Amino acid sequence: MRLDRIQAMQIFVRVAEAESFIHAAEALSLPASTVTSTIKNLEKYLQVRLLNRTTRRVSLTPEGAEYLTQCREILDLIEHTESNLTNAIKQPQGRLRVDMPAGIAHSVIMPNLQEFQRRYPDIYLMIGVSDRQVDLIKEGVDCVIRMGNLENSTLVARPLGEFRWVTCASAAYLKENGIPQTPDDLAHHRAIHYFSGNNRHTGEMRFVRNGEKKTVQMNGTVAVNETELYIKMCLEGYGLSQLAERLVTEHLKEKRLIPVLQDWCPSSVPVTLLYPHQRFLSPAVRVFSDWMAELISDRQSDSS
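Rules of the game
- Residues numbered from 1 in each chain as written.
- Predicted model: local features only at pLDDT ≥ 70, side-chain atom pairs only at ≥ 80, totals over all residues.
- Heavy atoms only, no water.
- Helix = DSSP H or I, 4+ residues; strand = E, 2+ residues; numbered from the N terminus.
- Buried < 20%, exposed > 50% of the residue type's maximum accessible area, 1.4 Å probe, protein only.
- Contact = heavy atoms within 4.5 Å.
- Areas by Shrake-Rupley, 256 points an atom, 1.4 Å probe, with all protein chains shown as cover.
- Lys, Arg positive; Asp, Glu negative; His and termini not counted.
- Charge placed at Lys NZ, Arg CZ, Asp CG, Glu CD.
- UniProt positions renumbered as here; feature names shortened; annotations may be inferred.
- Polar contact = N/O pair within 3.5 Å; in protein donor to acceptor, adjacent residues only side chain to side chain.
- Pairing = 2+ DSSP bridges.
- Axes fitted to C-alpha atoms, helices over the stretch in contact; angles between N-to-C directions.
- Disulfide = S-S within 2.5 Å.
- Parallel < 35°, antiparallel > 145°, perpendicular 65-115°, else oblique.
- Left-handed = near helix turned anticlockwise from the far one by under 90°.
- Nonpolar A, V, L, I, M, F, W, Y, C, P; charged D, E, K, R; others polar.
- Core = buried A, V, L, I, M, F, W, Y, C linked by side-chain atoms within 4.5 Å.

- Under an unreviewed UniProt entry, the name given to the chain is HTH lysR-type domain-containing protein, and the organism recorded is Acinetobacter calcoaceticus DSM 30006 = CIP 81.8.

In structure tokens:
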């Protein structure tokens, strides 16, 4: 059987990046046997071993590492060439997997998803919802949306805008515990703590007023690591929270959440879209990135 070298390169790149035949097969929606046989046939065709296999992982041989670099260049060039030829006559298309925090998925994406589908009906959008850090390559994710300052990364970062944050609590909590007038009053209050894999300051609340910064260590009895649960616990009166204002707009309008310390505002938080470095950005990632930047810019204008 004649070897489809382009498909073989695509499969090889995915196996090398995932360090796993099984994960590569899942990402490509192919049987594991197809992935395994393709790599064997490719090595036979090239007459060189590309991958070292053990029971736990797959790693590149020196020849495989060199071949991986060349395959990426070739596949990027093919995608760029085809995109230039087809984009003028048809919409971006194909599978696009995006991972994002739950708050953005519920409060920004969902209210506007039908508009995205009207614009780009040929994109099959896979929305992964999680506040954890995602390994894009190993998990087959095309891009992620993250809030907050970024650590050093080999990923390409596109700033989408900023979210203003608000300190708030439920009306029931404030009725029982009083309304803090200054950050010093927070010594008599409790907060819902938020933690993540790289956050060691779960109990801190940070404030800024006229350039003056203040950090308050808050008492609390519970910590969570997921945005929607964090919001729900605030609504249920478990304590004070600091949240992106745009994620709780309706709760603030309906007085289910009450803002406090409004002259001591938390600093705005950047929202960023990240994707693996490629010479040519895929059309689907490009239009999704542009659409998200529009949404966040519009929402900022609405709240001004």
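## Some words on the overall build of the chain
Next up, step 1: If you tally the helices and strands in the chain, you get 11 helices and 14 strands.
Next up, step 2: Within the span of the chain, comprising 304 residues, buried residues form 41% of the whole.
Next up, step 3: In the chain, of all internal contacts separated by at least 6 residues, the share reaching a separation of at least 24 is 76%.
Next up, step 4: Just so you have it, the chain exposes about 17200 Å², and 48% of that area is on carbon and sulfur atoms.
Next up, step 5: Counting 35 positive and 36 negative side-chain charges, the chain places the averaged centre of each group 3 Å from the other.

## A closer look at the UniProt feature "domain: HTH lysR-type" (unreviewed entry) in the chain
Next up, step 1: Following the UniProt record, the feature "domain: HTH lysR-type" (unreviewed entry) maps to residues 4-61 here.
Next up, step 2: Each end of residues 4-61 is marked by a C-alpha atom, and these two atoms are 22 Å apart; helix forms 64% of the span and strand 10%.

## Remarks on the side chain of Thr167
Next up, step 1: Locating Thr167 in the fold gives a position in strand β7 (residues 165-170).
Next up, step 2: Overall, Thr167 belongs to the buried group, its relative accessible area being 1%.
Next up, step 3: At 3.1 Å, the side chain of Thr167 forms a polar contact with the side chain of Gln242.
Next up, step 4: Those residues in contact with Thr167 that sit more than four places away from it in its chain are Met205, Phe207, Ser241, Gln242, Ile258, Pro259, Val260 and Pro266.

## Observations regarding the sheet that holds strand β3 (residues 94-100)
Next up, step 1: Strand order in the open sheet formed by 5 strands is β4-β3-β5-β14-β6, with mixed pairing between adjacent strands. In this open sheet, the two edge strands, each paired with only one partner strand, are β4 (123-129) and β6 (156-163). Each adjacent strand pair in this sheet contributes to an overall mean axis angle of 20°, direction not counted.
Next up, step 2: As paired strands, β3 and β4 are joined by 7 bridges and run parallel to one another. Following the sheet pairing, Leu96 is matched in β4 by Leu125.
Next up, step 3: Running at roughly 115° to β3, helix α5 (residues 102-109) makes contact with β3, β4, β5 (143-147), β6 and β14 (269-275) of the sheet.

## What about the state of the cysteines?
Next up, step 1: A complete count under the given rule lists 0 disulfides for this structure.
Next up, step 2: With no disulfide of its own, Cys168 has Cys234 as its nearest cysteine by sulfur position, at a separation of 4.3 Å.

## Quick notes on the sheet that holds strand β13 (residues 257-260)
Each strand in a sheet pairs with its neighbour through backbone hydrogen bonds, running either in the same direction (parallel) or in the opposite one (antiparallel).
Next up, step 1: Spatial ordering of the open sheet is given by β12-β7-β13, a layout of 3 strands whose pairing is antiparallel. Edge positions in the sheet fall to β12 (241-244) and β13, since each of these pairs with one other strand and no more. Averaged over all pairs of adjacent strands, the angle between their axes in this sheet comes to 50°, without regard to strand direction.
Next up, step 2: Strand direction decides the pairing type here: β7 and β13, joined by 4 bridges, are antiparallel. Looking across to β13, one finds that Cys168 is bridged to Pro259.
Next up, step 3: Along the sheet face, helix α9 (residues 227-235) touches β7, β12 and β13 and points at about 130° away from the line of β12.

## Considerations on the packing of helix α1 (residues 5-18) against helix α2 (residues 21-28)
Next up, step 1: For the pair α1 and α2, the least separation of the axes is 8 Å and the interaxial angle reads 125°. One finds that α1 runs oblique with respect to α2. In this structure, the crossing between α1 and α2 has a hand that is right-handed. Contact residues: Ile11, Arg14, Val15 and Ala18 in α1; Phe21, His23, Ala24, Ala27 and Leu28 in α2.
Next up, step 2: Of the residues belonging to the contact of α1 with α2, the class tally is 7 nonpolar, 1 polar and 1 charged.

## Topic: the environment of Ile11
Next up, step 1: Position of Ile11 relative to the elements: it lies in helix α1.
Next up, step 2: In this structure the C-alpha to C-alpha distance between Ile11 and Thr154, which are 143 residues apart in sequence, comes to 22 Å.

## With respect to the nonpolar core
Next up, step 1: Of all hydrophobic cores here, the largest spans 29 residues; its most connected members are Ile104, Ile145, Phe288 and Met292.
Next up, step 2: If you list the elements that add at least two residues to this core, you get β3, α5, α6 (113-119), β5, β6, β14 and α11 (283-303).
Next up, step 3: A per-element tally of this core places α11 first, with 9 residues.
Next up, step 4: If we ignore the near neighbours within four places in the chain, the residues touching Met292 are Ile104, Val108, Ile109, Ile145 and Leu160.
Next up, step 5: Phe12, Ala24, Leu50 and Cys71 belong to the second largest nonpolar core, which has 20 residues in total.

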